[in-house]
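Examination of the molecular architecture
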Amino acid sequence: MTKKEKTMNEITINNKPNSRRNFFKKSAVYSMSAIAASSIVPISKLNADEVEITQKAPWGTKLGDLVDKYAYGIPSPYEHNNVRRVHDLLSSGDRYATVSMTPHHLQEGIITPNGLFFNRSHGGTAHVDPEKFRLMLHGLLEKPLVLTLKQLKRYPSISRIYFIECPANGSTGWRGPQFNNLQFVKGMTSCAEWTGVRLKTVLDDLGLSPNAKWMLAEGSDNSEMARTIPIEKVLDDAMLVWGQNGEPLRPEQGYPVRLLLPGWEGNLNVKWLKRLEFSDKPWHTKEETSKYTMLQANGKGINYFWPMEVNSIITSPCPEVPWTDLEVGDKIEISGLAWSGRGTITTVDISLDGGNNWVEASLKGLILPKAWTRFSYIIKWDGKKKVLLSRSIDDSGHIQPSIDKLIENVGVEGIYHRNPIVGWEVKSNGEVNNVHVRS
Ligand SMILES: Nc1nc2c(c(=O)[nH]1)N[C@H]1C(S)=C(S)[C@@H](COP(=O)(O)O)O[C@H]1N2
Ligand SMILES: [Mo]
């Protein structure tokens, strides 16, 4: 046994009582046991005598599909489980007002494929004829007008990677672990590269009145979704988008044009956009009176609660991706996603022991503001029960709270903005369960 493996085992069994000091402490020794290892081969027992590899595979003995079989390509039939899922508990009694969730356990990198982007709609998925699409911009503007899609697309475009998250994401576990899977625990967020025009570019052209303090965004779908947005956000990074990961927006995402408010509550990102109105007063739409207020412990509601909080989740392992095939000594990556609607992820810490000790994970690939950020930490499997947690910090100084801390602050009545540190228990046989860790 090398010195590093020993350190690892010692800390795993050293289950100190939780204290506030420990909670924020990072163990330098512990982090050295990660990655730094004698060899990079991840599997302890390798198979060097497999015979099949010397023979022709079944798919090589005959011609494959015609090259043009699919005018629009589809995933391998073996990937049939990589699909969005709806749960009846989360719908309003039908499949028109519900949410179809992203399978994060099967996601690679930080971009959600368009067919897997979560879909939260209140009146079904509308199908808008792009020829008949019109966008009305009016109110406190020098040049109010109605644009066709072609006209809108003549504005100079930009492409940016941003996540969208429904503020109800995570609400299924508000009072305890309700679902033993990742998909229903955190599946109401996805991340894409969006193409469109900055709203500021359009407004510079149309002459926004200095008296304009609010913008109303209204959808053309059956739900008539409408939200009031402060002008500062509109002029900061808001976009009108028509492109999603290199192709036109999908119907589920609001084809042909949606509003994108990077990092802010999903419901503000109005899909199937129809109208933008500018005013000196807010509107108090039905979405702002009957929904999307944040009920606090004292019984009062917070009216507007815009940015999505700093958040993270370990996506591998998770209940859907257990470690049941590992042998003691195998190296394995703990991988996950972190994001914040307030800025850029700076740090993700991992705990293997339910929050007694924390180590810093490495951030992989692109690290962008208001976008998913992939984190990674490699350990050597010792066959011992663990409680895995991830905790992210952003450059605005926000840190993911413990469940108890969050409940202390906002109570248990409000269903939105639930971003506590979430845990997976890995049993000694490698099975993974959703657990709540008190601290
Ligand atoms: N017009 C319209 N816009 C809408 C909605 C809707 O029902 N109608 N749902 C909102 C909600 S609640 C969320 S969380 C996001 C979800 O975006 P997505 O379906 O593209 O993931 O869209 C928002 N925009
Ligand atoms: Mo939402």
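Residues numbered from 1 in each chain as written. Chains lettered and ligands numbered in written order. Predicted model: local features only at pLDDT ≥ 70, side-chain atom pairs only at ≥ 80, totals over all residues. Heavy atoms only, no water.

1. Some details on the overall build of the protein
Looking only at helices and strands, the protein has 9 helices and 23 strands in total. Counting only residues that meet the buried cut, the protein has 52% of its 439 residues in that class. Sequence-distant contacts in the protein: of pairs separated by 6 or more residues, those separated by 24 or more amount to 74%. Taken as a whole, the protein presents about 20900 Å² of accessible surface, with 54% of it coming from carbon and sulfur. Measuring between centres, the 53 positive side-chain charges of the protein sit 3 Å from its 48 negative side-chain charges. (Helix = DSSP H or I, 4+ residues; strand = E, 2+ residues; numbered from the N terminus. Buried < 20%, exposed > 50% of the residue type's maximum accessible area, 1.4 Å probe, protein only. Contact = heavy atoms within 4.5 Å. Areas by Shrake-Rupley, 256 points an atom, 1.4 Å probe, with all protein chains shown as cover. Lys, Arg positive; Asp, Glu negative; His and termini not counted. Charge placed at Lys NZ, Arg CZ, Asp CG, Glu CD.)

2. Topic: empty space enclosed by the protein
The full count for this structure, using the stated rule, is 4 cavities of 30 Å³ or more. The space that makes up the largest cavity amounts to roughly 220 Å³. Surrounding the largest cavity, 20 residues form its lining, Arg120, Arg258, Gly266, Asn267 and Lys271 being those nearest its centre. Of the residues forming the lining of the largest cavity, the biggest block, 3 residues, is contributed by strand 2 (residues 119–121). By residue class, the composition of the lining of the largest cavity is 8 nonpolar, 8 polar and 4 charged. (1 Å grid on protein atoms, 1.4 Å probe; cavity = no way out; pocket = protein on both sides within 12 Å on 5 of 7 lines; lining within 4 Å. Points joined across faces, edges and corners; volume = space filled by probe spheres on them. Nonpolar A, V, L, I, M, F, W, Y, C, P; charged D, E, K, R; others polar.)

3. Overview of the packing of aromatic side chains
One pass over the structure, following the stated rule, counts 7 aromatic pairs. Relative to Trp306, the ring of Trp214 has its centre 6.3 Å away and its plane inclined at 55 degrees; by these criteria the two rings are tilted. A residue pair is termed long-range when its members are at least 10 positions apart, and Trp214 in strand 7 (residues 214–219) and Trp306 in the loop between strand 14 (301–302) and strand 15 (311–316) qualify at 92 residues. According to the relative accessible area criterion, Trp214 is buried, its value standing at 15%. Following the ring pairs from residue to residue traces out a cluster consisting of Phe117, Phe118 and Trp194. Lying over the aromatic face of Trp358, Arg391 brings its terminal NZ or CZ to 4.0 Å of the ring centre. (Phe/Tyr/Trp six-rings, centres within 6.5 Å; stacked < 30°, edge-to-face > 60°. Lys NZ or Arg CZ within 6 Å of the ring centre and 35° of its normal.)

4. Some thoughts on the domain arrangement of the protein
Here the domain parsing of the protein yields domain 1 (13–37 + 308–435) and domain 2 (116–302). Relative placement of domain 1 and domain 2: their C-alpha centres are 30 Å apart. Contacts between the two partners involve 35 residues from domain 1 and, on the opposite side, 37 residues from domain 2. Across the interface of domain 1 and domain 2, roughly 3200 Å² is buried in total on both sides, 61% from carbon and sulfur atoms. A salt bridge links Lys370 to Asp237; the shortest N-O distance between them is 2.8 Å. Along the contact surface separating domain 1 from domain 2 lie 15 residue pairs in polar contact (both at pLDDT 80 or more). Residue assignment for the side of domain 1 that touches domain 2 shows that the elements contributing at least two residues are strand 15, helix 9 (403–410) and strand 23 (432–435). Here the side of domain 1 that touches domain 2 is composed, by residue class, of 21 nonpolar, 10 polar and 4 charged. (Domains from an automatic or database assignment. Buried area = accessible area lost by both parts, 1.4 Å probe. Salt bridge = Lys/Arg side-chain N within 4 Å of Asp/Glu carboxyl O. Polar contact = N/O pair within 3.5 Å; in protein donor to acceptor, adjacent residues only side chain to side chain.)

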